[in-house]
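# Structure assessment
Chain residues, written in single-letter form:
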Amino acid sequence: MKKHKIAIMGFGTVGGGAYDILTGNADHIRSTQGLDIEIAAILDRSVEPLKKRGVSENLFCDSVDALAADPDIELVIETMGGVRPTKDFIVKLLTAGKSVVTANKELLAKHWSELEPIARAHGCGLFFEASCVGGVPIIRALGESFQGDKVKRLYGIINGTTNYILSKMSSAGLSYEQALAQAQEKGFAEADPTSDVEGYDAAYKLSILASLAFHTCIPYTSIFREGITKVTARDIANAHELGYEIKLIAIGARDGDDVEARVHPLFVPKDHPLASVSGAYNAVYLNGDHVGDLMFYGAGAGAHPTGSAIVSDVVRALSAPPTYCDFRNDGKIDGAINAVGDFTSKYYIGMTVEDKAGVLSRVATVFGDNGVSIRSAIQRPCADDAATLVFLTHAAREHAVMRSLDTISKLGSVGSIDAMIRVL
Ligand code: HSE
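Remember, it's a predicted structure, so these values are computed and weren't measured experimentally.

## Section: the site of the ligand
- Around the ligand sit K105, N159, G160, T161, D196, D201, K205, G300 and A301, and those are all the residues in its vicinity.
- Here N159 contributes a side-chain N or O atom positioned 3.4 Å from an oxygen atom of the ligand.
- Separating an oxygen atom of the ligand from a side-chain N or O atom of K205 is a distance of 2.8 Å.
- Mapped by element, the contributors of at least two residues to the shell around the ligand are α8 (160–172) and α11 (200–214).
- Residue composition of the shell around the ligand, grouped by class: one nonpolar, four polar and four charged.

What follows is the structure in structure tokens.
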């Protein structure tokens, strides 16, 4: 059996996970896939990560040029993350004819259009199953299934950090700050959590998933994005009272040439399958015009789930000549596509007002004047002369709701607009 020599570039959590699987299950992969895979080199900044995992220091390599020049290495797993210098390293490797397997959603969302032509030109593969939703084979499903279907909608919980934080807020009544601190303690959130909590990570992933699902380019820059930092314990309590959980949801929808792509907190009805996806778990719920509703669920991050997705790409890359999917991401929306900014949704809105005659009716009048219909309203006293108002609206246009809130915030008796969260 031919031996396939490969390398790992970046030996952190995910690179280590892929190493564990490739070494621990080497016999299984050999007998079931007919592939004898040897990890011949590990590139990192220092030898420390190898020592920490008890891996032979002989595998240590500190030069991407050495990897690119090694004729025995067929493929490189990229688990360094980030854009620089990772992109330059991948360009070198592809140019040298090495296939690359990557988990790097940011790089793909930003630079796929530069990298893929290099892979094609040099007859090597560029695989990215591990870039979205960890161990869940969603990239392959979108690329190789539903060919007869038009995918109409895709709702995803595709960021484990924010789902962990919101789940803790929901189950333990924690504030956002307390839940974030707990997520950081347990290793579910980075010391700088911006990319996760502000929705960038989810937007990169949605750009990849929606581009594949809708067979068009959805640049991450065109995705409406709002993070979870403004969600409060009070919003969660109100959501529970009204029969909802709050989740950070990535939404893609295509109706003819109209495409919506957005990432924001969403009230999800408690009986919707996505409401029960908790902790660091991920799920993608999609609807095709013939297949109907499907839900993919599993660990969205972590060494071994993501490592498993990487190994599946390694096996695929080493088993057959590279194939190329119709994923495109060149930063531009196709001319025929209409990116819908003024989408329709239902809304949860909270505000604090003076508790005196006529205030509720003035607020309601503004909504009415903008064509926003109120479905339910709750008023609670919060101080001697103040009250909180909580509204759920019927489906309304985003811009109409924003216009209403702008006008309402300027009414003399309105102290603050405390919350505006869209409702599924
Ligand atoms: N920070 C990411 C998450 C890791 O929380 O889902 C996987 O991309």
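## Overview of the pattern of salt bridges
- Applying the stated criterion across every chain yields a total of 27 salt bridges.
- In this structure, the salt-bridge partner of D334 is R328, at a minimum N-O distance of 2.9 Å.
- Among the charged side chains, a network of salt bridges with common partners joins K3, D27, R30, D36 and E38.

## A look at the domain arrangement of the protein
- If you check the domain split of the protein, you get domain 1 (3–131), domain 2 (138–300) and domain 3 (344–423).
- The C-alpha centroid of domain 3 is placed 53 Å from the C-alpha centroid of domain 1.

## As for unusual backbone geometry
- Looking along the chain, the bond that leaves R84 and enters P85 is cis, with omega of 5 degrees.
- The residue P85 is located in the loop between β4 (73–78) and α5 (86–95) in this model.
- In this structure, V133 takes a positive phi of about 60 degrees despite not being glycine.
- Within the secondary structure, V133 is located in the loop between β6 (126–127) and α7 (138–144).
- In this model, H215 sits at a positive phi of 55 degrees, which is unusual for a non-glycine residue.
- Relative to the assigned elements, H215 resides in the loop between α11 and β8 (224–225).

## Quick word on the sheet that holds strand β5 (residues 99–102)
- A sheet is described by the order of its strands in space; here six strands give the open sequence β3-β2-β1-β4-β5-β6, paired in parallel fashion. The strands lining the two open edges of the sheet, one partner per strand, are β3 (60–61) and β6.
- Of the strand pairs in this sheet, β5 and β6 are connected by two bridges, and their pairing is parallel. Counterpart to V100 in the pairing with β6 is L126.

## Focus on helix α14 (residues 359–369)
- Among the residues of α14, those classed as buried are V359, V363, V366 and F367. End-on view of α14: buried residues confined to an arc of 100 degrees, all on one side of the axis.
- Those residues of α14 hidden inside the fold are in contact with β14 (344–354), β15 (374–383), β16 (386–393), α15 (398–409) and β18 (414–423).
- A positive phi of about 75 degrees marks G371, the residue just after α14.

## Remarks on a nonpolar patch on the surface
- Among the surface-exposed residues, Y281, M295 and Y297 lie close enough to one another that they form a single nonpolar patch of about 300 Å² accessible area.
- By relative accessible area, which is 46% here, Y297 ends up partly exposed.

## Side note on the packing of aromatic side chains
- In this structure the tally under the stated criterion is 11 aromatic pairs.
- Consider the rings of Y244 and F267, whose centres lie 5.4 Å apart with planes at 50 degrees: the pair is tilted. Residue Y244 is found in strand β9 (residues 244–255), and its partner F267 is found in strand β10 (residues 258–269); the two are separated by 23 residues along the sequence. Residue Y244 shares its accessibility class with F267, and that shared class is buried.
- For R53, the ring lying beneath its charged end belongs to F11, and the centroid distance is 5.7 Å.
- Of note, R262 hangs over the ring of F343, and the distance from its end group to the ring centre comes to 3.8 Å.

## Some details on helix α1 (residues 13–24)
- With 12 residues, α1 should reach 16 Å at 1.5 Å per residue; the first-to-last C-alpha distance of 16 Å fits that figure.
- Buried within α1 we find G15, G16, G17, A18, Y19, I21 and L22.
- Buried-residue contacts for α1 involve β1 (3–9), α2 (26–33), β2 (36–43), β4 and α13 (303–319).

## Focus on the nonpolar core
- Counting residues in hydrophobic clusters, the biggest one holds 81 residues, and the most contacted among them are L67, L94, I138, I165, L206 and L209.
- Counting residues per element, this core draws most heavily on α11, which supplies nine residues.
- One finds V47, V101, I310 and L318 within the second-largest nonpolar core, a separate group that totals 29 residues.

Conventions adopted
- Residues numbered from 1 in each chain as written.
- Predicted model: local features only at pLDDT ≥ 70, side-chain atom pairs only at ≥ 80, totals over all residues.
- Heavy atoms only, no water.
- Near = heavy atom within 4 Å.
- Polar contact = N/O pair within 3.5 Å; in protein donor to acceptor, adjacent residues only side chain to side chain.
- Helix = DSSP H or I, 4+ residues; strand = E, 2+ residues; numbered from the N terminus.
- Nonpolar A, V, L, I, M, F, W, Y, C, P; charged D, E, K, R; others polar.
- Salt bridge = Lys/Arg side-chain N within 4 Å of Asp/Glu carboxyl O.
- Domains from an automatic or database assignment.
- Pairing = 2+ DSSP bridges.
- Buried < 20%, exposed > 50% of the residue type's maximum accessible area, 1.4 Å probe, protein only.
- Arc of directions from axis to C-beta.
- Contact = heavy atoms within 4.5 Å.
- Patch = residues over 30% accessible without salt bridge, like charges linked within 9 Å, V, L, I, M, F, W, Y side chains within 5 Å.
- Areas by Shrake-Rupley, 256 points an atom, 1.4 Å probe, with all protein chains shown as cover.
- Phe/Tyr/Trp six-rings, centres within 6.5 Å; stacked < 30°, edge-to-face > 60°.
- Lys NZ or Arg CZ within 6 Å of the ring centre and 35° of its normal.
- Expected span 1.5 Å × (residues − 1).
- Core = buried A, V, L, I, M, F, W, Y, C linked by side-chain atoms within 4.5 Å.

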